[in-house]
Amino acid sequence: MTTKSLYNPKAMSTPGISARFSGPLKALGAVFKRLSSDVSSCFGLVVIAILVLSAIFSPWIATHDPNLVNLPNALRAPDAVNWFGTDELGRDIFSRIVHGTRITLSIITIVSIVVGPVGLLVGTTAGYFGGWCDTVMMRITDIFLSFPGLILSLAFVAALGAGLENAIIAIALTSWPPIARLARAETLTFRSADYISAARMQGASSIRIIVKSIMPMCLPSVLVRITLSMATVILTAAGLGFLGLGAQPPLPEWGAMIATGRRYMLDSWWLVAFPGMAILLVSLAFNLLGDGLRDALDPKQR
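Quick look at the structure, then. (Residues numbered from 1 in each chain as written. Predicted model: local features only at pLDDT ≥ 70, side-chain atom pairs only at ≥ 80, totals over all residues. Heavy atoms only, no water.)

### Considering the overall build of the protein
Then, number 1: Scanning the protein from terminus to terminus reveals 12 helices and 0 strands.
Then, number 2: Reading the secondary structure of the protein in the N-to-C direction produces α-α-α-α-α-α-α-α-α-α-α-α.
Then, number 3: When each of the 302 residues of the protein is scored for burial, the buried share is 41%.
Then, number 4: Counted over contacts in the protein with a minimum sequence separation of 6, partners at least 24 positions apart contribute 70%.
Then, number 5: Surface summary for the protein: the accessible area is close to 16500 Å², and the carbon and sulfur share equals 69%. (Helix = DSSP H or I, 4+ residues; strand = E, 2+ residues; numbered from the N terminus. Buried < 20%, exposed > 50% of the residue type's maximum accessible area, 1.4 Å probe, protein only. Contact = heavy atoms within 4.5 Å. Areas by Shrake-Rupley, 256 points an atom, 1.4 Å probe, with all protein chains shown as cover.)

Below is the structure:
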């Protein structure tokens, strides 16, 4: 008579792993299904997907070298060879816009990585502790909010110096206050909840309560706010590039392309039309996606 061992590492580990990932995957699938069912949200999702794919595969999508100067081919109208025409130096505008998606995506990614955690930490800490901590943090936030984002970014860039890296730092420094305000408002509604009181009675520290219990509850609203803020980030980066304080030549940044092409725009409209259309489409896509995420993640909006 033989007996089978009851210990099977594969059988014991698989359910735990599947149970760990099944919940988030189902929630992500539900959000994606709701986004794809709405026309405007689906449009925003498609445009952002094209932006990401263009940034990844830009060397293969671009038809020309974006920095190749060809003076005999300068200011050429759109045709079968140069789909979006050429600029004053004969560079292909379509290729420069495609390579410019990398700069735009880099700005969006870095700013999101910085402002999300900073705004979430400041807002949840101020809302949970209250008192003088709330007063000091929110007054600092109010100082940042009292200035227009572009004006404050100009001040930071003027202090740090022109350049793409400094422009990203300046945009990040001016983009976290709205997220902090939102996280504080969400925290004020959660800090008196029964599960927070239960965690406090069990001896959980304030840091653990903020990180483990409050921040996850604020994440959906913060994610929506970050998505909606990306349009402002893109416009601010384009504005800095237009003023010569952002990405420097020969980088194919969309705002800088408009700045160099504005001298020829009356006769060569394509120099500013196509970079401006790229800024418009990407900004609109993030706004539409943010509206869709708000409806998908907030039960009150359903």
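### Considering a nonpolar patch on the surface
Then, number 1: Judged by side-chain polarity, Val52, Leu53, Ile56, Phe57, Trp60 and Ile61 come together as a nonpolar surface patch covering roughly 590 Å² of accessible area.
Then, number 2: Of all the elements in the fold, those that place two or more residues in the nonpolar patch are helix H2 (39–56) and helix H3 (58–61).
Then, number 3: Here the nonpolar patch takes 3 residues from H2, the largest share from any one element.
Then, number 4: When you line up the elements, leucine 53 lands in helix H2.
Then, number 5: Judged by relative accessible area, leucine 53 falls into the partly exposed class, the value being 46%. (Patch = residues over 30% accessible without salt bridge, like charges linked within 9 Å, V, L, I, M, F, W, Y side chains within 5 Å. Salt bridge = Lys/Arg side-chain N within 4 Å of Asp/Glu carboxyl O.)

### What about the nonpolar core?
Then, number 1: Counting residues in hydrophobic clusters, the biggest one holds 60 residues, and the most contacted among them are Ile107, Trp254 and Phe286.
Then, number 2: Where this core is concerned, the elements lending two or more residues are H2, helix H4 (93–129), helix H7 (164–175), helix H8 (177–190), helix H9 (194–201), helix H10 (206–242), helix H11 (254–261) and helix H12 (270–297).
Then, number 3: With 14 residues, H10 is the single largest residue contributor to this core.
Then, number 4: Setting aside chain neighbours within four positions, we find isoleucine 107 in contact with Leu164, Ile168, Ile171, Val233 and Ala237. (Core = buried A, V, L, I, M, F, W, Y, C linked by side-chain atoms within 4.5 Å.)

### A look at helix H5 (residues 131–145)
An α-helical segment advances 3.6 residues per turn. Residues three or four places apart therefore align on the same side.
Then, number 1: With 15 residues, H5 should cover 21 Å at 1.5 Å per step; its first-to-last C-alpha distance of 21 Å lies within 8% of that length.
Then, number 2: Residues of H5 that are buried sit in contact with H4 and H8. (Expected span 1.5 Å × (residues − 1).)

### A closer look at the pattern of salt bridges
Then, number 1: Tallying each qualifying case throughout the model produces 6 salt bridges.
Then, number 2: For aspartate 134, the salt bridge identified is with arginine 184, shortest N-O distance 2.7 Å. With aspartate 134 in helix H5 and arginine 184 in helix H8, the pair connects residues that are 50 residues apart, well separated along the chain. Both residues of the pair, aspartate 134 and arginine 184, count as buried.
Then, number 3: Between aspartate 291 and arginine 294 there is a salt bridge, with its nearest N and O atoms 3.5 Å apart. Of this pair, aspartate 291 and arginine 294 both sit in helix H12, 3 residues apart, roughly one helical turn.
Then, number 4: For aspartate 291, a relative accessible area of 29% gives the class partly exposed.
Then, number 5: Members of the salt-bridge network, linked through shared partners, are Arg139, Asp142 and Arg181.

### Observations regarding the packing of aromatic side chains
Then, number 1: The final tally for this structure, using the stated rule, is 8 aromatic pairs.
Then, number 2: Seen from their ring centres, tryptophan 269 and tryptophan 270 are 5.8 Å apart, and the 80 degrees between their planes marks the pair as edge-to-face.
Then, number 3: With relative accessibility at 47%, the residue tryptophan 269 sits in the partly exposed group.
Then, number 4: Among the aromatic residues, ring-to-ring pairing joins Trp83, Phe84, Phe94, Trp269, Trp270 and Phe274 into one connected group. (Phe/Tyr/Trp six-rings, centres within 6.5 Å; stacked < 30°, edge-to-face > 60°.)

### Overview of the side chain of threonine 236
Then, number 1: If you trace the backbone, threonine 236 turns up in helix H10.
Then, number 2: Threonine 236 gets classed as buried once you look at its relative accessible area, which sits at 10%.
Then, number 3: Other than its neighbours up to four places away in sequence, threonine 236 contacts Leu150, Ser153 and Ile171.

### Observations concerning unusual backbone geometry
Then, number 1: Along the chain, proline 249 connects to proline 250 via a cis peptide bond; the corresponding omega equals 10 degrees.
Then, number 2: Take proline 250: it is sitting in the loop between H10 and H11.
Then, number 3: The phi dihedral of leucine 75 is positive, around 55 degrees, even though this residue is not glycine.
Then, number 4: Its location among the elements puts leucine 75 in the loop between H3 and H4.

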